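Structure assessment
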Amino acid sequence: MSNFRFLSVLTVAPLVGALVVAFLPRRRPELAKQVAFAWSLLVLVLSVVMWVSFNAGGDRFQFRESYTWIPNWGVSFTFAADGIALVMLMLIAVLVPLVILASWHDAESSKRSIPVYFALLLILESTMIGVFAAADVFLFYVFFEVMLVPMYFLIGSYGGHQRQYAAVKFFLYSLVGGLFMLAAVIGLWVVGGKTFDWQALSQVDISTGTERWLFLGFFLAFAIKAPFFPFHTWLPDAGGAAPAGAAALLVGVLDKVGTFGILRYCLPLFPEASKWFAPWALALGVIGIIYAALLAVGQNDLKRLVSYTSIAHFGFIGVGIFAFTTQAGTGAVLYMLNHGLATGLLFLVVGMLVARRGSALISDFGGAGKLVPVLAGVLFFAGLASLALPGTAPFISEFLVLIGTFTVNKPVAVIATLGIILAAAYVLWMVQRTTQGTLNPALTEVDGMRRDLNLREKVVVAPLIALIVLLGFYPKPVTDVINPAVQATMDDIGKSDPAPSVGGTVQEARR
């Protein structure tokens, strides 16, 4: 099926499904849920076929297709996927059906259209696929901006406390970042020969000063989206207010657009500027790891706590990217995948716990494991995966980031390692205060706390647990796909790994 147009079909299919679901009768919400779930499974099947069809040892970009859009501007619908994009597309395909299944009753308390809620999830899936599949800079920018719309309505219309404030803050932060990127996109079009094609732009020779300004425009947009410190303040509000399923996609996938954009656009298109800004980016990453971890320790809101943990994790990803070694780069991309699985699971499980209790405050729990032992066990596992316990997938990616960084920048690696200790503190404290210890008598008076995981919820968490354990012991199928793309990115910026130590010294990195 090498000639099948995977990327355009995958981008359009959820959008078609969203239209079908949105126009189903509001009096038949179960049908809307079933159609949305079935449609997302179709996307998953196509994605699996695409993964199998991808040749890890072949061309860097595969499944390329292009259709003329605005010829006077040099804009086209051009899609292509390298190993980095392919991994993110598979993450989307896996998470969306599970989020739909986990969100089966999320929209019922909002007094708004249930079919529209699930249609928004499918629209969000379409835009997320499009942003990772785009190989035209202008097309990427369009998906980058349009992606905000369904998430804005998911938070603002179906979220919890302070949902409108959180939705507006999320939208404005992302919009401001998008304006920086728009200016850089226009500048790149001017200096790049009036084309938006990624491959053509990657061959353009740009002056040092111009390159730095263009890099800064893209980087600010991606740093806000990721989010990196100090552009992170919108995430705890958005993650805390969003429905659990939407929050899982927000933190598990949408935020990865920032780190993906740095890898796909900032590094290859502006190699000299990337190296010039690298020390500043590493500093932001390290500060984010420690700062967000400390804030997570002090949180009393479960969803905000998970959001702060993600900010710390994105610090690790940023360090891995700007260390400029293949080990750290592969670790960063693998971290993007593993963080999506682990934090996606954590958000979904927290959502199940919050829905039962009717509160996200940690102080309203205590000893819940005595009432819902299976749910408490899954929460404990998700927490251990989040702190990168050996045997779970995040450990592999975190280890690669740290060891790859240590070979070129020991102080950054050492300081970042402190984040692991803090992660153990905030995760174990969260678990202890919610599910362990003396049973809070108030929990026995809540009907929801007498119900452990049902069959639907077990189907949601089981695949994520299986993937986290499998990739924790055998990540090779994913790293084989990632490695060539990471190596090509390092070649784009003229970086190679340090040579082996000789006579107690480390040779200069090969150019």
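Given the structure is predicted, the values throughout are model-derived calculations rather than measurements.

Let us look at the overall build of the protein. Of the regular secondary structure elements, the protein holds 20 helices and four strands. Rg of the C-alpha trace for the protein: 22 Å, near the compact-globule value of 24 Å for 511 residues, within the 12% margin. Counting across all 511 residues of the protein, residues that qualify as buried make up 60%. Accessible area for the protein stands at about 19000 Å²; split by element, carbon and sulfur atoms hold 66% of it. Of the charged side chains in the protein, 32 are positive and 27 negative, and the gap between their average positions amounts to 6 Å.

Attention now moves to the pairing of strand β2 (residues 75–81). Most of β2 is tucked away: six of the seven residues are buried. Taking the residues between adjacent antiparallel strands as the criterion, strand β1 (residues 62–70) and β2 are bridged by four residues, where G74 takes a positive phi near 75 degrees.

Now for helix α6 (residues 148–158). Judged by how many residues are buried, α6 sits mostly within the fold: eight of 11 residues are covered. By the burial criterion, the buried members of α6 are L148, P150, M151, L154, I155, G156, S157 and Y158.

Turning next to the environment of R357. Relative to the helices and strands, R357 is located in helix α15 (residues 326–357). The exposure class of R357 is buried, given its relative accessible area of 17%. A sequence separation of 218 residues divides R357 from L139, and the C-alpha atoms of the two residues are 43 Å apart. Not counting chain neighbours up to four residues away, the residues in contact with R357 comprise D364, F365, A442, L443, V446 and M449.

Another aspect to go through is the nonpolar core. Of all hydrophobic cores here, the largest spans 193 residues; its most connected members are F140, F218, L267 and F322. Contacts of F140, omitting those with residues within four sequence positions, involve V131, A134, M181, F222, V257, F260 and Y265.

Glancing now at the confidence of the model for the protein. On average, residues of the protein score 89 in pLDDT, and 96% of them reach the 70 mark or higher. Within the model, the stretch residues 502–511 combines pLDDT values under 50 with 17 contacts to residues more than four positions away or in other chains.

Here we take up the pattern of salt bridges. Using the criterion set out here, one finds nine salt bridges in the structure. Where R64 meets D197, a salt bridge forms, and the shortest distance between an N and an O atom there is 3.0 Å. Taken together, the positions of R64 in strand β1 and D197 in the loop between α7 (163–191) and α8 (198–201) put the pair 133 residues apart, joining distant regions of the chain. A salt bridge links D480 to K476, with the shortest nitrogen-to-oxygen separation between them at 2.7 Å. One end of the pair, D480, and the other, K476, are both in helix α20 (residues 476–492), four residues apart, so they sit about a helical turn from each other. With relative accessibility at 44%, the residue K476 sits in the partly exposed group. Via salt bridges that share partners, K169, D237 and R304 belong to a single interconnected network.

As a packed pair, helix α3 (residues 83–102) and helix α19 (residues 455–473) sit with axes 8 Å apart at the nearest point and diverge in direction by 155 degrees. Put simply, α3 runs roughly antiparallel to α19. Between α3 and α19 the crossing geometry is left-handed. For the pair α3 and α19, contact is made by V94, L95, L98, L101 and A102 and by R456, V459, V460, P463, L464 and L467, respectively. Looking at side-chain class alone, the contact of α3 with α19 contains 10 nonpolar, no polar and one charged residues.

This paragraph deals with the packing of aromatic side chains. Taken as a whole and assessed by the stated rule, the structure comprises 31 aromatic pairs. For the pair W69 and F138, a centre-to-centre distance of 5.8 Å together with 55 degrees between the ring planes defines the contact as tilted. Of this pair, W69 sits in strand β1 while F138 sits in helix α5 (residues 137–146); the two residues are 69 residues apart in sequence, bridging distant segments of the chain. Of the residues examined, W69 reaches a relative accessible area of 32% and is grouped as partly exposed. F138 gets classed as buried once you look at its relative accessible area, which sits at 15%. Consider the rings of F218 and F222, whose centres lie 6.1 Å apart with planes at 40 degrees: the pair is tilted. Of this pair, F218 and F222 both sit in helix α9 (residues 208–225), separated by four residues, roughly a single helical turn. Neither residue differs from the other here; F218 and F222 are each classed as buried.

Glancing now at unusual backbone geometry. In terms of backbone geometry, most residues other than glycine have negative phi values and most peptide bonds are trans. Of the consecutive residues A226 and P227, the connecting peptide bond is found in the cis state with omega at -5 degrees. Examined against the element boundaries, P227 turns out to sit in the loop between α9 and α10 (234–241). Omega for the bond connecting F229 with P230 falls within 30 degrees of zero, at 5 degrees, which places this linkage in the cis form. Along the polypeptide, P230 turns up in the loop between α9 and α10.

Let's shift gears to the side chain of S274. Looking at the element boundaries, S274 is found in helix α13 (residues 271–297). Polar contacts involving the side chain of S274 include one to the main-chain carbonyl oxygen of C266, which spans 3.0 Å. In contact with S274, other than residues within four places in its own chain, are F215, C266, L267, F322 and F324.

Next up on the list: a nonpolar patch on the surface. Taken together, the side chains of V168, L172, L175 and L179 make up a nonpolar region of the molecular surface, amounting to roughly 320 Å² of accessible area. Along the polypeptide, L179 turns up in helix α7.

Across six bridges, β1 lies against β2 in antiparallel orientation. Across the sheet, residue Q62 finds its bridge partner in β2, namely A81.

This brings us to the packing of α9 against helix α12 (residues 256–269). Their axes nearest at 7 Å, the elements α9 and α12 cross at an angle of 160 degrees. As far as their axial angle goes, α12 and α9 are roughly antiparallel. For the pair α9 and α12, contact is made by F215, F218, F219, F222 and K225 and by V257, G258, G261, I262, Y265 and C266, respectively. Taken together, the residues of the contact of α9 with α12 break down into eight nonpolar, two polar and one charged.

What counts as what
Residues numbered from 1 in each chain as written. Predicted model: local features only at pLDDT ≥ 70, side-chain atom pairs only at ≥ 80, totals over all residues. Heavy atoms only, no water. Helix = DSSP H or I, 4+ residues; strand = E, 2+ residues; numbered from the N terminus. Rg over C-alpha atoms; globule rule 2.2 N^0.38 Å. Buried < 20%, exposed > 50% of the residue type's maximum accessible area, 1.4 Å probe, protein only. Areas by Shrake-Rupley, 256 points an atom, 1.4 Å probe, with all protein chains shown as cover. Lys, Arg positive; Asp, Glu negative; His and termini not counted. Charge placed at Lys NZ, Arg CZ, Asp CG, Glu CD. Pairing = 2+ DSSP bridges. Contact = heavy atoms within 4.5 Å. Core = buried A, V, L, I, M, F, W, Y, C linked by side-chain atoms within 4.5 Å. pLDDT = per-residue confidence, 0-100. Salt bridge = Lys/Arg side-chain N within 4 Å of Asp/Glu carboxyl O. Axes fitted to C-alpha atoms, helices over the stretch in contact; angles between N-to-C directions. Parallel < 35°, antiparallel > 145°, perpendicular 65-115°, else oblique. Left-handed = near helix turned anticlockwise from the far one by under 90°. Nonpolar A, V, L, I, M, F, W, Y, C, P; charged D, E, K, R; others polar. Phe/Tyr/Trp six-rings, centres within 6.5 Å; stacked < 30°, edge-to-face > 60°. Polar contact = N/O pair within 3.5 Å; in protein donor to acceptor, adjacent residues only side chain to side chain. Patch = residues over 30% accessible without salt bridge, like charges linked within 9 Å, V, L, I, M, F, W, Y side chains within 5 Å.

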